[in-house]
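What follows is the residue order along each chain.
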Amino acid sequence: MKFGKHLDQALYEPWRDHYVNYKKLKSLLKKLFGEKDEKQQRPTGTGYGSFDRVEDGESCELRSYETKHLEERFIEQLDKEVEKVNSHYKNMEEKLRKSFDAMRAQSDAHGGDNRTDRAYQRSLNISCVGLYRTLNMLNNFVYLNRIGFDKIAKKFDKASKGHYRETFDQRISGTYFATSTGVAEMLRDTAAFFANHFESGDITKAKVRLLAKMTEGLYRKSDMLWLGVKIGIVIMLVFWNMFNLTVSPNLHIKEEMSVYIPLYRSIGLLICLIWMWGFNVWIWSNYRVNHVFIFEISPKHKLNHLEIFDEAASLSIVVLLNSLLFLHHQQYHLRTTLSEIVYPIALIAFIIVKIIGSIVGGGTKHSAQKDIVHSMGSIFIAPFGRARFRDCYLADYFCSMQKIFADLEYSVCLYAIGLSTFSNDPRACAVYCTNLGPILVPLVHALPYWFRFNQCMHRYIETRKRWPNLANAFKYTLCQVSVIIGSLHPFFSEYQAPWSPYRLFWLALIVFTTLYTYFWDIIMDWGLFQFQPGARHPLLRPNRLFPKTLFYYWAICSNLVLRFTWVVTLIPFPFQSVLPTSIESQNILLPTLTLAELFRRSQWGILRVEYEHLSTSQGFRKYKHLPLFFDRAVKREDTLPKSSLWINIEVIFMAFLLVFFSVVVWVLK
């Protein structure tokens, strides 16, 4: 990801002219050393393009002089940029110090902690929020400029084949904007001031409240209204489907319908995952977790939470309408006029068209999906692919999606066999695919762990650090071995009473693996379980971005319960020994457990990205600090692009399905 794009997105617009001019320096670097390369490669002598002139000492000395002159020109420009940044920082720090002193003096003159005057308290609240925002912007100003200077010095070394980067880094480290602690002190003082006046002295809560109050209105009312309409339709369709599945006396989940359930189950769970991802993005954006920088997403390609919710709502409507038509087809016994296989095939066709449209078409969604495809490619070719944070993060999500992948594998097998043999009996194809389950399902369950193991080995080779890479690789080795042994070993695949030593060993392995992964989540991925004497909140780290300490304790407890709950779905011996046997119970219980695991993974993702923002414990980035996330891409009525062809097609298609469904129900009634 190009740093220039990140800088352009993250900078504070009123200070644009005071940031390092990264593009100008990059262009100057290219111009200077591009001209040097042309001079060196220009043919001389006979005119036939050969380098027939032997360089003597004078020509070598001349070239050395030219190189030195180019370097001096670039360093001179770089020093000007440093002075520009330094001067602005000094001026802003002085202004903010005066503002803070004036606010504190006004509070003292008004009576200190006098909370009876609501107008004054409201004015004081606004002043604190504004000051805290500007101080954070100035902190971001320092971080972004330091990263920019470091990256341009690295490019300079590469172009000049020199070693200027370390020297320049020492020069930057000695500047006022890099050494001053004034902003950090004012941030602490402002948070303490706000805590004393509004949060009963709780500084951690005050910091989060101050950041949360910075959100601006970024979205159009018409967008919000349209999303609300879609969500209302989704809720209505969900209850309608539930009514047909549970209350309607004319419909029961029969064995022949179970052939198609894995397809609807997998697609439905994937859509639930999209909803959860939108919620994660909303949480990160609201509490200034810079997920755009961490995931290395281009600012032009990022999707906000409303765009994700809108896409999830559109997909939900299509899938729920399709499932409702399928259920009514079974309820009114329409097999004589139309085969029930039409509905799953129509759903598959819609998804294929949707994927092709998003890849072929342009726009933000296309670019975001392209980033996902690139990360998936890096995962599949691990350890030879890249192992960035977003690649490892996506692979961790895959480890919670084994049941979805197993359902997709079954569905692909079902329809592939049916199309290749021209079979009109889907139940016969289902028997064949079920028989392949003992071979393919363990493979599907183990592959995500294999990918993560390879990524850990890639990180170890790249960083040369045994900790935490080898310990993390050992974790995924345990997970993979547990799944494979439990699925393939004959001693574990059948129910036995009493249990054999082999089964006891497998059970102990499962418990140990689950506890290992649990403590890794808490300690390594979230940075919790920190034992500090006299801490106000035991087990929690002192630096947090979320206001509710209860959320952290809830995550610690629920993660343990849901970790062991997920193990139930991976038990290889028949469900009859521990679970109800009816088709209805299995088709309700399995999706519920999978949905609970997706919820656990989404909760894990929220805290994992938050901790990555605050720490570099696993070495995914060089820089210790990241700028806070401030989404300044305000959507104006006059700047929004007009509806594309694909949006119109989707709206028309959804409306057609709704009308068609209504007509069918009216005729059948």
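Draft legend 1. Spatial organisation of the nonpolar core. Residues Phe-74 and Phe-149 are the most contacted members of the largest nonpolar core, which totals 96 residues. The dominant element in this core, judged by the number of residues it contributes, is helix H4 (residues 118–160), at 17 residues. The residues contacting Phe-149, other than those within four sequence positions of it, are Val-20, Leu-78, Glu-81, Val-82, Val-85, Phe-168, Ile-172 and Phe-177. In this structure, Ile-267, Leu-325, Leu-347 and Cys-429 belong to the second largest nonpolar core, which totals 22 residues.

Draft legend 2. Layout of the packing of H4 against helix H7 (residues 182–198). The geometry of H4 relative to H7 is characterised by a closest axis approach of 10 Å and an angle of 155 degrees between their N-to-C directions. For the element pair H4 / H7, the angle class is roughly antiparallel. Note on packing geometry: the crossing formed by H4 with H7 is left-handed. The residues of H7 that touch H4, namely those facing Gln-121, Leu-124, Asn-125, Cys-128, Leu-131, Tyr-132, Leu-135, Asn-136, Leu-138 and Asn-139, are Val-183, Met-186, Leu-187, Thr-190, Ala-191, Phe-193, Phe-194, His-197 and Phe-198. Split by residue class, the contact of H4 with H7 holds 13 nonpolar, six polar and no charged.

Draft legend 3. Summary view of helix H21 (residues 501–525). An ideal rise of 1.5 Å per residue puts 36 Å on 25 residues; H21 measures up with 34 Å between its terminal C-alpha atoms. Looking one or two residues past H21, Gly-527 carries a phi angle of roughly 70 degrees, positive in sign.

Draft legend 4. View of helix H10 (residues 261–286). Taking 1.5 Å as the rise per residue, H10 with 26 residues should run 38 Å; its terminal C-alpha atoms sit 37 Å apart, in good agreement. Positive phi appears at Arg-288, one or two residues downstream of H10, with a value of about 65 degrees.

Draft legend 5. Region of interest: the packing of aromatic side chains. Taken as a whole and assessed by the stated rule, the structure comprises 31 aromatic pairs. Measuring from centroid to centroid gives 5.7 Å for Phe-295 and Phe-389, while their planes differ by 45 degrees, and the two rings are tilted. Placement of Phe-295 in the loop between helix H11 (291–294) and helix H12 (305–331) and of Phe-389 in helix H15 (residues 389–398) is noted, with a sequence separation of 94 residues between them. Phe-389 matches Phe-295 in its accessibility class, with the two residues each being buried. With a centroid separation of 5.9 Å and an interplanar angle of 20 degrees, the aromatic rings of Trp-450 and Phe-453 are classed as stacked. Placement of both Trp-450 and Phe-453 in helix H18 (residues 437–463) is noted, with a separation of three residues, approximately one turn of the helix. Since its relative accessible area comes to 39%, Trp-450 is described here as partly exposed.

Draft legend 6. Spatial organisation of the confidence of the model for the protein chain. Confidence in the prediction for the protein chain averages 77 pLDDT; 73% of positions are at 70 or higher. Averaged pLDDT values over the elements of the protein chain bottom out at 50 in helix H20 (residues 490–493) and peak at 94 in H15. The model gives residues 573–581 a pLDDT under 50, and that stretch makes 18 contacts with residues more than four places away or in other chains.

Cut-off values and rules
Residues numbered from 1 in each chain as written. Predicted model: local features only at pLDDT ≥ 70, side-chain atom pairs only at ≥ 80, totals over all residues. Heavy atoms only, no water. Core = buried A, V, L, I, M, F, W, Y, C linked by side-chain atoms within 4.5 Å. Buried < 20%, exposed > 50% of the residue type's maximum accessible area, 1.4 Å probe, protein only. Helix = DSSP H or I, 4+ residues; strand = E, 2+ residues; numbered from the N terminus. Contact = heavy atoms within 4.5 Å. Axes fitted to C-alpha atoms, helices over the stretch in contact; angles between N-to-C directions. Parallel < 35°, antiparallel > 145°, perpendicular 65-115°, else oblique. Left-handed = near helix turned anticlockwise from the far one by under 90°. Nonpolar A, V, L, I, M, F, W, Y, C, P; charged D, E, K, R; others polar. Expected span 1.5 Å × (residues − 1). Phe/Tyr/Trp six-rings, centres within 6.5 Å; stacked < 30°, edge-to-face > 60°. pLDDT = per-residue confidence, 0-100.

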